[in-house]
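Architecture and fold: a report
Chain residues, written in single-letter form:
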Amino acid sequence: MQLIPGETLTIDRKARANSPFYDLELRPPEVRACDFEAVVIDFSPERAMAEASRCIHCPDPAPCMLACPTHNDIPSAMWLIEQGHFSEAANLYHQTSSLPEICGRVCPHEALCQGSCVLNKNHTPVLTGELESFAVDYQRRREGHAIPLAPPTGKRVAIIGAGPAGLGCADQLLQSGHEVTFFESKPSAGGLLVYGIPNFKLPKHVWMEKWEEFERAGVTFIPNTYIGKNKTIDDLFTDGFEAVFIGVGSGIDAKMEDTPGTDLPGVYEATDFLIRGNVDPSLLPTSMRQPLEVGKRVVVIGGGDTASDCLRTALRLGSEEVTCLYRRTEKEMPGGKKDRVMASEEGANYRFLTQPVKFLPGDDGKLAAVECLEMKLGEPDKKGRRKPVPVEGSNFIVECDTAVLALGYWPDPILGKTTPDLETHDWGLVTADKNTGITSRAGVFSGGDCVTGPDLVVTAMVAGRKAAWTIDEYLKTSSKP
Ligand SMILES: Cc1cc2nc3c(=O)[nH]c(=O)nc-3n(C[C@H](O)[C@H](O)[C@H](O)COP(=O)(O)OP(=O)(O)OC[C@H]3O[C@@H](n4cnc5c(N)ncnc54)[C@H](O)[C@@H]3O)c2cc1C
Ligand code: SF4
């Protein structure tokens, strides 16, 4: 339900819809492609108030609110921002979201809140995501924000994985008074917010400030601990935890197993490339601290958002010729258009209907070229996507000194293999109820990418929050499993 229902406001909706729209300000492509700073220029208070005042306040429930996976009360926040009540708007976002300053920046708004804005019909939608991060940043800088803690219950919950799912779960558990301990395989918390999404989309300081909130709320963080290898879920129960949340994501890079030459120096998996290209070495596992060797000519193989992130990272690392190789056409690309347009503006090239079949070494034994086949589109598959079919004898060579494989992600099956009674499916995804996080093992809950496969920050966070509500109920009624 909206705090300030549209029906209660006496406003001139027609005048609002026709008021001028000023698009987001981005740093010029030739400037932003030289560094890893944020691409989007943050709103000033005046700009935020003007943008929020374009909202026409649809009747409750507004379509933007329904389209937002965490059901932020966007229209009420727009009203508060318009009046200059930025902290009050931030408080509204904090009620429904554990990561509003992050979702406001990285959600695919055009497909969610902004995409459902009724102004899309004849006008331009309100820039809802940017207004969310503006209000929450404003509050943090002026007065700070703390997770509201409930009196301690003395119950201890272990969270495996400190990505958006684990963080959403921790936020809600803390607000119910439970003790939270993260077990994380990496040196730092954040999951793909740190070890995936590049700085130019999500500056690391935004994440660090968020993480300080969790630290101040008293979470225990145990880094460099791979559950399934260093400890099992059974060990966690033996150590006295009363419930366990699994939020381990789906972070194993897909391989090109039948393609010769993927082991050549110069061929990288997307995660390795993005992490070593974007993350301060002090936050990296020691095995990943050696610098990337990125050449002047880079090819990125794949068509999703990760491919766009790799193209843009390669440009920022100084590569002169950066080309995406994709086996279908632009129409079938799974990645968002916004990122693709930005990558093109920054200098990336696209070569469609192109399938690499062999990675070729030069005299020094390092990658020197990729042999490719031209493809054409065949009949649609079960999902309606037209299958790429090779054109016989169309082999050609693309010279390059670095190749990045951005082909998608798989789950790690290790927890299913090391946890009795924990059901998994499809190569290791955890079987869990999407609304409650309940798994087949008593006391064990799960959510996020490790349940759904690769998805979004906001959906993983929502899954973690929902699981926390179930865990809270479980802790009230259960004796130890
Ligand atoms: C390159 C890239 C760019 C993306 N860009 C966007 C974007 O712009 N917008 C968006 O909404 N989404 C984006 N996504 C998707 C988004 O990041 C994920 O959907 C989201 O992070 C999933 O959250 P999660 O908590 O389920 O998993 P993760 O973020 O993957 O976190 C899982 C955590 O668990 C840890 N872990 C794994 N196994 C174990 C274990 N056995 N023991 C202990 N710890 C373990 C991992 O180290 C990690 O920290 C992107 C993804 C990638 C790869
Ligand atoms: S969480 Fe995402 S979808 Fe929801 S309002 Fe914020 S930016 Fe939009």
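Details of the structure are given in the entry above.
Owing to the predicted nature of the structure, the values given are computational and were not obtained by experimental measurement.

1. Looking at the overall build of the protein chain
- The secondary structure content of the protein chain amounts to 17 helices and 18 strands.
- For 481 residues, the compact-globule estimate of 2.2 N^0.38 gives 23 Å, and the C-alpha radius of gyration of the protein chain, at 23 Å, lies within 12% of that figure.
- Dimensions of the protein chain, computed from the C-alpha atoms along their principal axes, are close to 65 × 65 × 45 Å.
- Counting across all 481 residues of the protein chain, residues that qualify as buried make up 54%.

2. Notes on the sheet that holds strand 9 (residues 349-351)
- Taken together, five strands build an open sheet; the order of strands is 6-14-7-8-9 and the sheet is parallel. Two strands lie at the open edges of the sheet, namely strand 6 (267-269) and strand 9, each paired on one side alone. Ignoring strand direction, the axes of neighbouring strands in this sheet form an average angle of 25°.
- By the bridge criterion, four bridges tie strand 7 (residues 297-301) to strand 14 (residues 402-405) in an arrangement that is parallel. Bridge pairing in strand 14 links V298 to T402.
- Against the sheet, helix 13 (residues 305-316) contacts strand 7, strand 8 (321-325), strand 9 and strand 14, and its axis sits at roughly 170° relative to strand 8.

3. So, the site of ligand 1
- Within the structure, ligand 1 sits among 31 residues, and V106, A165, E184, I227 and D449 are positioned closest to it.
- At 2.9 Å, a backbone N or O of I227 approaches a nitrogen atom of ligand 1.
- The backbone of D455 places a nitrogen or oxygen atom 3.2 Å from an oxygen atom of ligand 1.
- Within the residue set of the shell around ligand 1, elements represented by two or more residues are helix 9 (164-174), helix 13 and helix 17 (457-477).
- Taken together, the residues of the shell around ligand 1 sort by class into 15 nonpolar, 10 polar and six charged.

4. A look at the site of ligand 2
- Taken together, the neighbourhood of ligand 2 is formed by C68, P69, N72, I74, C103, C107, H109, L112, C113, G129, E132 and V458.
- Among the residues forming the shell around ligand 2, the class breakdown is eight nonpolar, three polar and one charged.

5. Considering the packing of helix 6 (residues 86-96) against helix 8 (residues 128-143)
- Two elements in contact, helix 6 and helix 8, have axes separated by 8 Å at closest approach and are oriented at 110°. Here helix 8 runs roughly perpendicular to helix 6, going by the angle between their axes. Crossing of helix 6 against helix 8: the hand is left-handed. In this structure, helix 6 uses F86, S87, A89, A90, N91, Y93 and H94 to contact helix 8, whose residues at the interface are T128, L131, E132, F134, A135, V136, Y138, Q139 and E143.
- Grouping the amino acids of the contact of helix 6 with helix 8 by side-chain chemistry returns nine nonpolar, five polar and two charged.

6. Comments concerning the environment of L429
- Secondary-structure assignment places L429 in strand 17 (residues 429-430).
- The sequence separation of L429 and F352 amounts to 77 residues, and the corresponding C-alpha distance is 31 Å.
- Setting aside its immediate chain neighbours within four residues, L429 contacts P411, E423, T424, D449, C450, V451, T452 and G453.

7. Remarks on the nonpolar core
- I102, F182 and I471 are the most contacted members of the largest nonpolar core, which has 48 residues in total.
- If you list the elements that add at least two residues to this core, you get helix 7 (100-106), strand 1 (156-160), helix 9, strand 2 (179-183), helix 10 (204-216), strand 4 (243-246) and helix 17.
- Of the residues forming this core, the biggest block, 10 residues, is contributed by helix 17.
- Contacts of F182, omitting those with residues within four sequence positions, involve I159, G161, A162, G166, L167, A170, W211, V219, T220, F221 and I222.

Definitions and cut-offs
- Residues numbered from 1 in each chain as written.
- Chains lettered and ligands numbered in written order.
- Predicted model: local features only at pLDDT ≥ 70, side-chain atom pairs only at ≥ 80, totals over all residues.
- Heavy atoms only, no water.
- Helix = DSSP H or I, 4+ residues; strand = E, 2+ residues; numbered from the N terminus.
- Rg over C-alpha atoms; globule rule 2.2 N^0.38 Å.
- Buried < 20%, exposed > 50% of the residue type's maximum accessible area, 1.4 Å probe, protein only.
- Pairing = 2+ DSSP bridges.
- Axes fitted to C-alpha atoms, helices over the stretch in contact; angles between N-to-C directions.
- Contact = heavy atoms within 4.5 Å.
- Near = heavy atom within 4 Å.
- Polar contact = N/O pair within 3.5 Å; in protein donor to acceptor, adjacent residues only side chain to side chain.
- Nonpolar A, V, L, I, M, F, W, Y, C, P; charged D, E, K, R; others polar.
- Parallel < 35°, antiparallel > 145°, perpendicular 65-115°, else oblique.
- Left-handed = near helix turned anticlockwise from the far one by under 90°.
- Core = buried A, V, L, I, M, F, W, Y, C linked by side-chain atoms within 4.5 Å.

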